[in-house]
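Structural features, examined
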Amino acid sequence: MKKALSIAMAAAMTMGLAACGSTASSTAAADSTPASSAAESEAAPAADGKVYNIGICQLVQHEALDAATQGFKDALTEKLGADNVKFDEQNASGDSANCTTIVSGFVSTGVDLILANATAPLQAAAQATADIPVLGTSVTDYATALDISDWTGTVGNNISGTSDLAPLDQQAAMIQELFPDAKTVGLLYCSAEPNSVYQCDVIEGYLNEMGIETARYAFTDTNDVTSVTQTAAAASDVIYIPTDNTAASNTEAIANVVIPEQVPVVAGEEGICKGCGVATLSISYYDLGYKTGEMAAEILADGADVSTMPVEFAPNVTKKYNAANCEALGITPPDGYEAIAD
C-alpha cells in the first residue's frame, strides 16, 4: 500500500472529493456573475476582446467545494478580466444524474471550458465531450475516477485539473501523534464515493504498519450517516473521515453522535474538521480552485494544450485543530497546530 501511494504521488497523481449521491434530484443554478474586486477591475482585457464562456458543474454545496469554485472564478477574472469571462455555474445537488444533465447542456451550448468540481461532474464531463477542455478540481485520484490503469500524471486527452489529496502517510502519523494510546481507528466514509474508498485503502495500510487496528464503517447516502456513525463511535478509539462529500454535507449529524460519545474525529479536510472533527492535515480549497483557474487561463488565453498538462496539487498543507471540539473532548493539540477560524 505504501509503495502504491509513493508511486502515485511521485507521478503527480491526482486525488479529491469524490461523488456520492444524495437524495436531492433538482438542479439548482447558482448566480453566474462572479463578485468584482479591485484586482479584477485592473486586469487587462483579453487581447482579442473575446468573451469566454465557462460552464461550472459543482456536485453539491458545502464549504470545501464552494471555496474551490470561488477560487477558480477569482483566478480567471483576475487573469482575463471580469468583462471577458462569463460563468454558467450550476449545482447538481449531490445527484450524479444531474451532473450528466448539466454537463450535456454545457456541451450543447458550446462553452469554451468546463470546470468539474468533484468526481461525479468529472466523470460526466469525460463521457459528454472529447473536444471541450475539461478541468477537474476537488478530485482525489484521477486514475480511479477515470479508470486509468497506467497513470503517468497526465490524463492525456481533453482533461486535466487539480487534486485535493493531502499526504495520507502524514495524516496517519497525525493520528498516532495526537492519540498515541489509540488501538482502534474507525474509517467512516461513503461507499459510493470511489475516492473515499481509495483514501481508506491507503491510510489503512499506514495505520496497520503502525500497529493500529482499523475497521470500516461505510454509509451509502445521507439516510444512514447517523446510524453508521453510532456504530463506529461505539467500537473506535478514534474515527478517521477522508475527503468525503457526503460526510462534508452531514457534519452536524456526525458531531451529534461523536461529541456526546467522546470519540475524536481526525478529518481529511478542514470543512469536515470544522463541523465534527478535532484535527486535520488540510489544504486550502480556495487555493486549489485558484490554481485550477490559472490552468484555465493558460488554456483559453495562451493556447496551452490541456492534454499535456499534468494534474496539479495544492501548494501547502497545514495542521489544524477545532478548538471547540478539542475543549469538549479534553484534547490539547501539540505545538505546530493552527486553530481553525470560526
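Calculation criteria
Residues numbered from 1 in each chain as written. Predicted model: local features only at pLDDT ≥ 70, side-chain atom pairs only at ≥ 80, totals over all residues. Heavy atoms only, no water. Helix = DSSP H or I, 4+ residues; strand = E, 2+ residues; numbered from the N terminus. Buried < 20%, exposed > 50% of the residue type's maximum accessible area, 1.4 Å probe, protein only. Contact = heavy atoms within 4.5 Å. Areas by Shrake-Rupley, 256 points an atom, 1.4 Å probe, with all protein chains shown as cover. Pairing = 2+ DSSP bridges. Axes fitted to C-alpha atoms, helices over the stretch in contact; angles between N-to-C directions. Polar contact = N/O pair within 3.5 Å; in protein donor to acceptor, adjacent residues only side chain to side chain. Parallel < 35°, antiparallel > 145°, perpendicular 65-115°, else oblique. Left-handed = near helix turned anticlockwise from the far one by under 90°. Core = buried A, V, L, I, M, F, W, Y, C linked by side-chain atoms within 4.5 Å. Salt bridge = Lys/Arg side-chain N within 4 Å of Asp/Glu carboxyl O. pLDDT = per-residue confidence, 0-100. Phe/Tyr/Trp six-rings, centres within 6.5 Å; stacked < 30°, edge-to-face > 60°.

**Considerations on the overall build of the chain**
- When its secondary structure is counted, the chain shows 14 helices and 14 strands.
- A buried classification covers 56% of the 342 residues belonging to the chain.
- For the chain, the proportion of contacts with a sequence separation of at least 24, taken over those separated by at least 6, is 77%.
- Carbon and sulfur atoms make up 46% of the accessible area of the chain, which totals about 13300 Å².

**Topic: helix α11 (residues 251-261)**
- All buried positions along α11 are accounted for by Thr-251, Ile-254, Ala-255, Val-257, Val-258 and Ile-259.
- Of the residues trailing α11, Gln-262 is marked for its positive phi of about 60°.

**With respect to the sheet that holds strand β14 (residues 338-339)**
- Strand order in the open sheet made by the 7 strands is β8-β7-β9-β10-β11-β13-β14, with mixed pairing throughout. Both edges of this open sheet fall to β8 (213-219) and β14, since each of them pairs with a single strand only.
- Alignment of strand β7 (residues 184-190) against strand β9 (residues 238-241), held across 3 bridges, turns out to be parallel. Note that in β9 the partner of Leu-187 across the bridge is Tyr-240.
- Most of the contacts of helix α7 (residues 168-178) go to strand β11 (residues 279-282), to which it runs at about 160°, and overall it touches β7, β9, β10 (265-267), β11 and β13 (318-321).

**Notes on the side chain of Thr-137**
- Note on placement: Thr-137 falls in strand β5 (residues 134-139).
- On the basis of relative accessible area, Thr-137 is assigned to the buried category, the value being 0%.
- Polar contacts involving the side chain of Thr-137 include one to the side chain of Thr-162, which spans 2.9 Å.
- With residues up to four places along the chain from it excluded, the contact list for Thr-137 reads Ala-68, Leu-115, Ala-116, Asn-117, Ala-118, Tyr-142, Thr-162, Leu-288, Gly-289 and Thr-292.

**Thoughts on the packing of helix α4 (residues 96-109) against helix α5 (residues 119-128)**
- Contact geometry for α4 and α5: axes closest at 8 Å, N-to-C directions at 45°. For the element pair α4 / α5, the angle class is oblique. The chirality of how α4 crosses α5 is right-handed. Residues Ser-96, Cys-99, Thr-100, Val-103 and Val-107 of α4 lie in contact with α5, whose contacting residues are Ala-120, Pro-121, Ala-124, Ala-125 and Ala-128.

**Examining the nonpolar core**
- Core analysis: the largest hydrophobic core is formed by 52 residues, its most contacted members being Leu-188, Ile-239 and Ile-241.
- Counting residues per element, this core draws most heavily on helix α8 (residues 194-209), at 6 residues.
- Once residues lying within four places of it in the same chain are set aside, the contact partners of Leu-188 are Tyr-217, Phe-219, Val-228, Thr-229, Ala-232, Ile-239, Tyr-240, Ile-241, Pro-242 and Ile-254.
- If you look at the next biggest cluster of nonpolar residues, it comprises 28 residues, including Leu-59, Ile-102, Tyr-142 and Ala-143.

**A few points about the pairing of β13**
- Sheet analysis places β11 next to β13, joined by 4 bridges and oriented antiparallel. Note that in β13 the partner of Ala-279 across the bridge is Tyr-321.
- Where β13 meets β14, 2 bridges bridge the pair, whose relative direction is parallel. Residue pairing for β14: Lys-320 is matched across the bridge by Glu-338.

**A word on the pattern of salt bridges**
- Scanning all chains against the criterion turns up 8 salt bridges.
- With a shortest N-O distance of 3.5 Å, Lys-50 and Asp-112 are connected by a salt bridge. One end of the pair, Lys-50, is in the loop between α2 (38-42) and β2 (52-58); the other, Asp-112, is in the loop between α4 and β4 (113-117), with 62 residues separating them in the sequence.
- Connected through shared salt-bridge partners, Asp-201, Glu-204 and Arg-216 make up one network.

**As for the side chain of Asn-117**
- With respect to the element layout, Asn-117 can be found in strand β4.
- Within polar-contact distance, the side chain of Asn-117 engages the backbone oxygen of Leu-65 at 2.9 Å.
- Each residue touching Asn-117, except ones within four places of it in the same chain, is listed here: Cys-57, Gln-58, Leu-59, Leu-65, Ala-68, Thr-69, Thr-137 and Ser-138.

**Here's the deal with the environment of Thr-184**
- Counting through the fold element by element, Thr-184 comes out in strand β7.
- Note: C-alpha distance between Thr-184 and Leu-207 (23 residues apart in sequence) is 9.5 Å.
- Beyond its immediate stretch of four places on either side in the chain, Thr-184 contacts Ile-212, Glu-213, Ala-235, Ser-236, Asp-237 and Val-238.

**Some thoughts on the confidence of the model for the chain**
- Summary statistics for the chain give a mean pLDDT of 88 and a share of 86% for residues scoring 70 or more.
- When the criterion is pLDDT under 50, residues 1-45 qualifies, and its contacts beyond four places in sequence or with other chains add up to 143 contacts.

**Topic: the packing of aromatic side chains**
- In the structure shown here, the tally under the stated rule is 2 aromatic pairs.
- Ring centres of Phe-72 and Phe-87 lie 6.4 Å apart, and the angle between their planes is 65°; this geometry places the pair in the edge-to-face category. Of this pair, Phe-72 sits in helix α3 (residues 63-80) while Phe-87 is found in strand β3 (residues 85-91), placing the two residues 15 residues apart along the sequence.
- Arranged with centres 6.3 Å apart and planes meeting at 35°, the rings of Tyr-286 and Tyr-290 form a pair that is tilted. Within this pair, Tyr-286 and its partner Tyr-290 are both found in helix α13 (residues 285-302), separated by 4 residues, close to a single helical turn.

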